[in-house]
Amino acid sequence: MTRPNALPVAALWAPAFGLVALALSAATRGLSPSFLDPDESAHYVNTLFLADWLRAGLPSPMAFARDYYAHFPKLSIGHWPPGWYALLAPLFAIMRPSPLAATMLGAFVAGLPALLVMWALDRAGQRRWGLVAAFAYLLLPLVAEEARYFRLDQPVALVVGLAVIAWWRAVERPGLGRYLLFGALAAFATLVKGNGALIMLVPALDILMAARWRQVADRRLWIAAAATLLVVAPWYVVSFKISAGGFNYAPGLAYAWLSLSTDAVALWATVGWFGIVAALVGVVLARRDPATRPIARLSIAAIVATLVFQAAIPVALEDRYVLPAVPWLVVLIVLGLLGIARQARTATIGAILLAIGIVGPAVVDLVHRAPKPDSGAPSVAAGMARQPGIWLVDGRAGGEGAVIAAAAYADDGTKRIWVARASQWLSTSDFMGHGYQLSVHSPAEARAVLDRLGVRGVVSIADRGALAYPHSALLRGAVALPGFAVAVRAFPAGVGSVEVATRIAPLTPRPDLLAGGSGSHNVATMGATFK
């Protein structure tokens, strides 16, 4: 038995899923006001940039972007597509949330993919178990961990999942409107994050497994495909120079095998052996059950598409990249558990034990999850706002990014703070930090850079007690020379410290030098690409 109104019911529960994910992040002390993950600060600044552009009255976008990058050099639209930022920008323009508030929003969004689990099981005639499974999904280690970060992986899992649902609806009752809806969601998934393009594989896999060859000849399908390509292709043609700089591997069989094995381990770590066994049972039993076979086939298509796409595109190997597959893996697990329970009364006990074996370790992991560190970036940025000018920030990409994001919020659109990254002015490297070379070789040379820029202050982060780069020691030596007042504060949470050095007699700032770029190869690439 299937339910035609499954999506509205699942959507009604979506706010509850989001609030539970937020509550779990708060309970595990995962809501940090400092973005110490480098991706988080970039996503925040990218969204704030579009929001401030809206607030400024839509001036020339490229001129505004160049000026914004000179103030807050974590702007990286191009390395990531603009879809999710554009969706959030009106909310950010109205509310202008702090990094902490943005983290809370990210945690809420991380709970929304649970509605995919409920929808799928509702369509299989298991609404109550779908609701239970949706809340259990939020406890899984990978899901709970990613709810603590303001990143794109949970949003892309959500949008890809909604596109999968749209594909199902188009298969149920083919029509140009339904195909176009799928195409629109597929295009948006690709513009949320590059790996959202995995959705393009789902129709091919679903048609192949179902042997629906007549559907391939449906003109309406190809019209929607062409429209989707027209939306997505221009962005990736323009931005490829930048995004390709983030590829860490070369394509080929070696990478494909490494990716598949890494992603398989990530899925195993998420649901355990009990979960893998239950999912396999679900696949086998669904082949004999007309009520669950279509949903199982759709789930398999989503999982395989995730693994195959990641194996083909050599960006990086991260556990979180399998998140688009996790809701559908949970669907197969529940189908397996229910199938086992239907075999006999004693089999029900086995299904219960399997369920405990899946959820129990997840709960234990949640209880023992370490708090997220906090470098105290908001208080540092508040000090920068009180003494505006050019501030040079040094630390690992996460440490620098935390201060830049907090400064962008504290500046409140006034453009009175410029943040320069020490990694760009005292050294050279590409976007991913490869090819690092010092451009200064003594504290005196580093001090000359500070004086030439007219730096108002310096922020130096030592995460876990260690300086970030060889130039970091030179920078600390530069501010130890006469002319700076130095204060050191410990991280409010986690191990580390922040040294803040403020110039006693301020110099005239030279923001014109910041606008000209620096030793960063990526700055030049961005300028050339979007000129």
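On a predicted model such as this, the values are computed, not experimentally measured, just so you know.

Undergrad: Sorry if this is basic, but what is going on with the overall build of the protein here?
TA: Counting its secondary structure elements, the protein contains 24 helices and seven strands. What you see for the protein is a C-alpha radius of gyration of 25 Å, in line with the 24 Å of a compact globule of 531 residues. On the principal axes, the C-alpha backbone points of the protein span a range of 80 × 50 × 45 Å. Per-residue burial over the protein gives 55% buried out of 531 residues. Put simply, of all contacts in the protein between residues at least 6 apart along the chain, 81% involve residues at least 24 apart. For the protein, the accessible area works out to roughly 21,900 Å², and carbon and sulfur atoms hold 68% of it. Within the protein, one finds 43 positive and 28 negative side-chain charges whose respective centroids are separated by 8 Å.

Undergrad: How do you make sense of the sheet that holds strand β7 (residues 496–503) when you look at a structure like this?
TA: Within a sheet, neighbouring strands are paired by backbone hydrogen bonds and run either parallel or antiparallel to one another. Pairing within the open sheet is mixed, and its five strands lie in the order β2-β1-β5-β7-β6. Sheet topology places β2 (417–421) and β6 (484–490) at the edges, where each strand pairs with a single neighbour. Across the sheet, the mean angle separating the axes of adjacent strands is 20° when strand polarity is ignored. The pairing of strand β1 (residues 389–394) with β2 spans five bridges and is classified as parallel. The residue bridging Gly389 from the neighbouring strand is Ile417, located in β2.

Undergrad: It is not clear to me how the nonpolar core should be interpreted in this structure. Could you clarify?
TA: Formed by 135 residues in total, the largest nonpolar core has its most connected members in Tyr44, Trp119, Tyr137, Ile199, Val326 and Trp328. Counting 22 residues, the second-largest nonpolar core is a separate cluster that includes Trp425, Val449, Leu450 and Phe484.

Undergrad: Please explain the pairing of β1 as it appears in this structure.
TA: Across the six residues that make up β1, a large majority, six, are buried. Each parallel crossover has a hand, and for β1 linked through helix α19 (residues 397–411) to β2 it is right-handed. Relative to strand β5 (residues 455–463), β1 runs parallel, the two sharing five bridges. By the bridge assignment, Asp394 is partnered in β5 with Ser460.

Undergrad: Looking at this structure, I do not really get the side chain of Lys372. What am I missing?
TA: Within the secondary structure layout, Lys372 lies in the loop between α17 (345–367) and α18 (377–386). Polar side-chain contacts of Lys372 include one of 2.6 Å to the backbone oxygen of Arg148. Leave out the neighbours within four places in its chain, and Lys372 touches Arg29, Gly30, Ser32, Glu40, Arg148, Tyr149 and Ala493.

Definitions and cut-offs
Residues numbered from 1 in each chain as written. Predicted model: local features only at pLDDT ≥ 70, side-chain atom pairs only at ≥ 80, totals over all residues. Heavy atoms only, no water. Helix = DSSP H or I, 4+ residues; strand = E, 2+ residues; numbered from the N terminus. Rg over C-alpha atoms; globule rule 2.2 N^0.38 Å. Buried < 20%, exposed > 50% of the residue type's maximum accessible area, 1.4 Å probe, protein only. Contact = heavy atoms within 4.5 Å. Areas by Shrake-Rupley, 256 points an atom, 1.4 Å probe, with all protein chains shown as cover. Lys, Arg positive; Asp, Glu negative; His and termini not counted. Charge placed at Lys NZ, Arg CZ, Asp CG, Glu CD. Pairing = 2+ DSSP bridges. Axes fitted to C-alpha atoms, helices over the stretch in contact; angles between N-to-C directions. Core = buried A, V, L, I, M, F, W, Y, C linked by side-chain atoms within 4.5 Å. Right-handed = clockwise from strand over helix to strand, strands pointing away. Polar contact = N/O pair within 3.5 Å; in protein donor to acceptor, adjacent residues only side chain to side chain.

These figures capture arrangement, not role.
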